[in-house]
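# Architecture at a glance
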Amino acid sequence: MLISIVVPCFNEEEIIGRFHDHVTAELSRGEGEFELVYVDDGSHDRTLPILEEIASTDPRARYVSFSRNFGKEAAMLAGLQHADGDAVVIMDADLQHPPELVHRMLALHAEGHDQVVARRTRTGDRVTRTLTARAYYWLINRLVDVELMDGVGDFRLLSRRTVDAVLELTEYNRFSKGLFAWVGFRTTTFEYENAVREQGRSKWTFGKLLNYGLDGLLSFNNKPLRAALYLGLLLVSLATAYATWIVGVALVDGVDTPGYVTLLVIVTALAGVQMVMLGLVGEYVGRIYYEVKRRPHFLVKAASTGVPRQPRREELLRR
């Protein structure tokens, strides 16, 4: 059985050489063949020259380099397209995904699981980040059409039929956590202690995390649009009830001092709600706009690997 290790890379010159040595040493202890598919996501440092050197000295290593930074989602997609293994493991290059856990993944895969997911504990995380993450997953699992687990990331093993199923999903706005959950198949999860990043700083800023969270919220449901409709109906009902009350008071007691402050608050609140609704609709329209243009997810400027794998539908059905 051939095992493919897909490794998205962005400005990883400080760690990528050590990562390769660690992973190859760990996988060489097991049985079976393996390959490493590195995807350079438009790095600005010496990541690509290092990958070229690795590929020239180790026949088990290949690389794909983008013309610019297209993001980790595009890098994972490219890695899956170029992976030839019977099972594919997605790992980060910063060694926060312990390579020794691959053996455990393979053992669970041998038991018949199509997805083996490593779920990290939040040991060592800041309290605010832990509480925010838990609140986010509590909310999103009440809105989206798939189940997402707190602590589950991209570190996972996928069987070949699962990879082919994911490659069948050609949408432009990709949220891989949701896509992996959507395709289903037999899945198991195990926990591991959160590892400390050995070099550099995380590429995930607060703004990127916020946008990624919104992608997850909007990619797998239209409930926010339905909620906006319900909110609009509620506001209309409240406005009608308030108008009825004002007319009734005027008929009984006559017209008193005009409610300037009340009117100002109501107008301001309604304007804010309208802007929120407009922004929400704009998010969905923007996603439709990107989908209908059908631009490629990425452009490749250099590669040591062959033609990307394109699963055929009849092959997927046979599996």
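Residues numbered from 1 in each chain as written. Predicted model: local features only at pLDDT ≥ 70, side-chain atom pairs only at ≥ 80, totals over all residues. Heavy atoms only, no water.

In the annotation of an unreviewed UniProt entry, the entry for the protein reads Glycosyl transferase, and the organism field reads Streptomyces purpureus. The annotation that UniProt attaches to the protein under Sequence similarities (unreviewed entry) is "Belongs to the glycosyltransferase 2 family." (UniProt positions renumbered as here; feature names shortened; annotations may be inferred.)

Here we take up the overall build of the protein. When its secondary structure is counted, the protein shows 11 helices and eight strands. Put simply, the protein has 319 residues, and 42% of those count as buried. Of all intrachain contacts in the protein linking residues separated by at least 6 positions in sequence, the fraction that spans at least 24 positions is 83%. For the protein, the accessible area works out to roughly 17800 Å², and carbon and sulfur atoms hold 59% of it. (Helix = DSSP H or I, 4+ residues; strand = E, 2+ residues; numbered from the N terminus. Buried < 20%, exposed > 50% of the residue type's maximum accessible area, 1.4 Å probe, protein only. Contact = heavy atoms within 4.5 Å. Areas by Shrake-Rupley, 256 points an atom, 1.4 Å probe, with all protein chains shown as cover.)

Another point: the sheet that holds strand E7 (residues 187-192). Pairing within the open sheet is mixed, and its eight strands lie in the order E7-E5-E6-E4-E1-E2-E3-E8. Two strands lie at the open edges of the sheet, namely E7 and strand E8 (300-303), each paired on one side alone. The mean angle between the axes of side-by-side strands here comes to 20°, regardless of whether they run parallel or antiparallel. Here strand E1 (residues 2-9) runs beside strand E2 (residues 33-40); their pairing, made up of eight bridges, is parallel. Note on E2: the bridge partner recorded for serine 4 is glutamate 35. Across the sheet, helix H1 (residues 16-27) is in contact with E1, E2 and strand E3 (61-66); its angle to E2 comes to roughly 160°. Packing of helix H2 (residues 47-57) onto the sheet brings it into contact with E1, E2, E3 and E8, and relative to E3 it is tilted by some 155°. (Pairing = 2+ DSSP bridges. Axes fitted to C-alpha atoms, helices over the stretch in contact; angles between N-to-C directions.)

Moving on, we come to the environment of phenylalanine 66. Within the fold, phenylalanine 66 resides in strand E3. The spacing of phenylalanine 66 and alanine 78 is 12 residues in sequence and 9.4 Å in space, taken between C-alpha atoms. With sequence-adjacent residues up to four places away left out, phenylalanine 66 is seen in contact with Val39, Asp40, Asp41, Gly42, Ala74, Ala75, Ala78, Phe298, Leu299, Val300 and Lys301.

Relative to the assigned elements, glutamine 115 resides in strand E5 (residues 115-120). Ignoring anything within four residues of it in the chain, the contact list for glutamine 115 reads Arg156, Leu157, Leu158, Thr162, Phe180, Val183, Gly184, Arg186, Thr187 and Thr188. Of the polar contacts made by the side chain of glutamine 115, one reaches the side chain of arginine 156; its length is 3.1 Å. Within the structure, the side chain of glutamine 115 is placed 3.0 Å from the backbone oxygen of glycine 184, a separation counted as a polar contact. (Polar contact = N/O pair within 3.5 Å; in protein donor to acceptor, adjacent residues only side chain to side chain.)

Moving residue by residue along a regular strand, the side chains alternate between the two faces of the sheet. Here E7 shows a buried face lined by Thr188, Phe190 and Tyr192 and an unburied face lined by Thr187, Thr189 and Glu191. Sheet analysis places E5 next to E7, joined by six bridges and oriented parallel. Its bridge partner lying in E7, glutamine 115 is registered against threonine 187.

Quick look at the packing of aromatic side chains now. Tallied over the entire structure, the rule returns four aromatic pairs. When the centroid spacing of 4.8 Å and the interplanar angle of 15° are considered together, the rings of phenylalanine 66 and phenylalanine 298 count as stacked. Here phenylalanine 298 lies in the loop between helix H10 (260-293) and E8 and phenylalanine 66 lies in strand E3, a separation of 232 residues in the sequence. A single burial state applies to phenylalanine 66 and to phenylalanine 298, both of which are buried. Look at phenylalanine 155 and tyrosine 192: their rings are 5.9 Å apart centre to centre, the planes differ by 90°, and that puts the pair in the edge-to-face class. Of the two residues, phenylalanine 155 is situated in strand E6 (residues 152-159) and tyrosine 192 in strand E7; the sequence distance between them amounts to 37 residues. Across this residue pair, the class does not change: phenylalanine 155 and tyrosine 192 are buried. (Phe/Tyr/Trp six-rings, centres within 6.5 Å; stacked < 30°, edge-to-face > 60°.)

Moving on: a nonpolar patch on the surface. Taken together, the side chains of Tyr242, Trp245, Ile266 and Leu270 present a nonpolar region at the surface, about 380 Å² in accessible area. Elements that contribute at least two residues to the nonpolar patch include exactly helix H9 (223-253) and H10. By secondary structure assignment, the location of leucine 270 is in helix H10. Judged by its relative accessible area of 36%, leucine 270 falls in the partly exposed class. (Patch = residues over 30% accessible without salt bridge, like charges linked within 9 Å, V, L, I, M, F, W, Y side chains within 5 Å. Salt bridge = Lys/Arg side-chain N within 4 Å of Asp/Glu carboxyl O.)

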